[in-house]
Structures are given as C-alpha cells and as structure tokens.
Amino acid sequence: MTERKDPDYISFTDAADLIVRHGLASSMTPRGLRYMARIRDSRALPAEQRWPFGDGPGQEPYLVAGRTRMMRTKRLLDYLRQYPPTGRGPDRMPRAAPGSTP
C-alpha cells in the first residue's frame with residue numbers, strides 16, 4: 001500500500017478533513033476552520049500566533065482558484081502543530097433553550 005501524500009495547496013473544506021486525519025483535532029468542519037482563521041487573525045494575539053495566511057505583515061497570501069482560497073498545506077500543518085485547535089468540540093447533548101433552567 002502506498003503512503004498518501006498531502007497536496008501542496010489545500011482548501012478550507014479539504015483542510016478540515018486533513019486536520020482530523022493528522023490527529024490535530026478530533027473533529028473539524030470547514031466552517032470551524034474559517035472561524036478559527038478569523039479569530040486568530042486578531043491584532044491582540046502575538047505576531048507568531050496569528051493565522052499564517054492573509055494579506056497582513058508576516059502572512060502568506062492565499063492562492064485563489066476561482067472563488068476558493070487555497071493554503072499551503074505544509075505551512076498550515078506546521079502552524080496547527082505548534083498552535084493546536086481548541087474549542088468546545090461537538091455537542092454531547094442538545095442545548096437548553098435561552099431562559100430555561102437545567
């Protein structure tokens with residue numbers, strides 16, 4: 001069996017699956033990854049912890065293919081290994097309605 005080689009560039013959709021496959025998160029959706037990119041692009045974070053892709057200083061520009069933003073796979077994986085995704089994870093039970101008591 002041949003080893004699966006990761007592509008050089010990857011979309012948010014494919015990156016979400018890749019992150020789970022590499023064991024960097026137990027679950028990830030493209031929407032969750034886009035949210036993480038927006039949150040981690042904050043000027044409040046130290047420069048080395050900011051999202052590595054974009055138009056800002058020290059960021060690598062996205063490769064645009066049609067309407068899809070593509071990221072360099074190696075840089076994304078290196079960044080996420082150093083600053084792993086955090087979050088509440090998937091729902092374990094339905095959320096309570098606002099104003100209701102548990």
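Scroll up to find the structure this text is about.
Since this is a predicted model, take the numbers as computed values, not measurements.

Draft legend 1. Examining the pairing of strand β3 (residues 68-72) more closely. Two strands pair when backbone bridges link them, and strand β1 (residues 9-11) and β3 are joined in this way by three bridges, in the antiparallel orientation. By the bridge assignment for β3, Ser 11 is matched with Met 70. Note: strand β2 (residues 63-65) against β3, three bridges, orientation antiparallel. Residue pairing across strands places Leu 63 opposite Met 70, the latter belonging to β3. Counting the residues in the hairpin turn of β2 and β3 gives two residues, including Gly 66, whose phi is positive at 70°.

Draft legend 2. Highlighting the packing of aromatic side chains. Under the definition given, this model contains six aromatic pairs. An angle of 15° between the planes, with centres 6.5 Å apart, marks the rings of Phe 12 and Trp 51 as stacked. Of this pair, Phe 12 sits in helix α1 (residues 12-21) while Trp 51 is found in the loop between α2 (30-39) and β2, placing the two residues 39 residues apart along the sequence. Accessibility expressed as a relative area gives 2% for Trp 51, which makes it buried. Ring centres of Trp 51 and Tyr 79 lie 5.6 Å apart, and the angle between their planes is 85°; this geometry places the pair in the edge-to-face category. A residue pair is termed long-range when its members are at least 10 positions apart, and Trp 51 in the loop between α2 and β2 and Tyr 79 in helix α3 (residues 73-82) qualify at 28 residues. Taken together, the ring pairs connect Phe 12, Trp 51, Phe 53, Tyr 62, Tyr 79 and Tyr 83 into an aromatic cluster. The cationic tip of Arg 75 hangs over the ring face of Phe 53; the distance from NZ or CZ to the ring centre is 5.9 Å.

Conventions and cut-offs
Residues numbered from 1 in each chain as written. Predicted model: local features only at pLDDT ≥ 70, side-chain atom pairs only at ≥ 80, totals over all residues. Heavy atoms only, no water. Pairing = 2+ DSSP bridges. Helix = DSSP H or I, 4+ residues; strand = E, 2+ residues; numbered from the N terminus. Phe/Tyr/Trp six-rings, centres within 6.5 Å; stacked < 30°, edge-to-face > 60°. Buried < 20%, exposed > 50% of the residue type's maximum accessible area, 1.4 Å probe, protein only. Lys NZ or Arg CZ within 6 Å of the ring centre and 35° of its normal.

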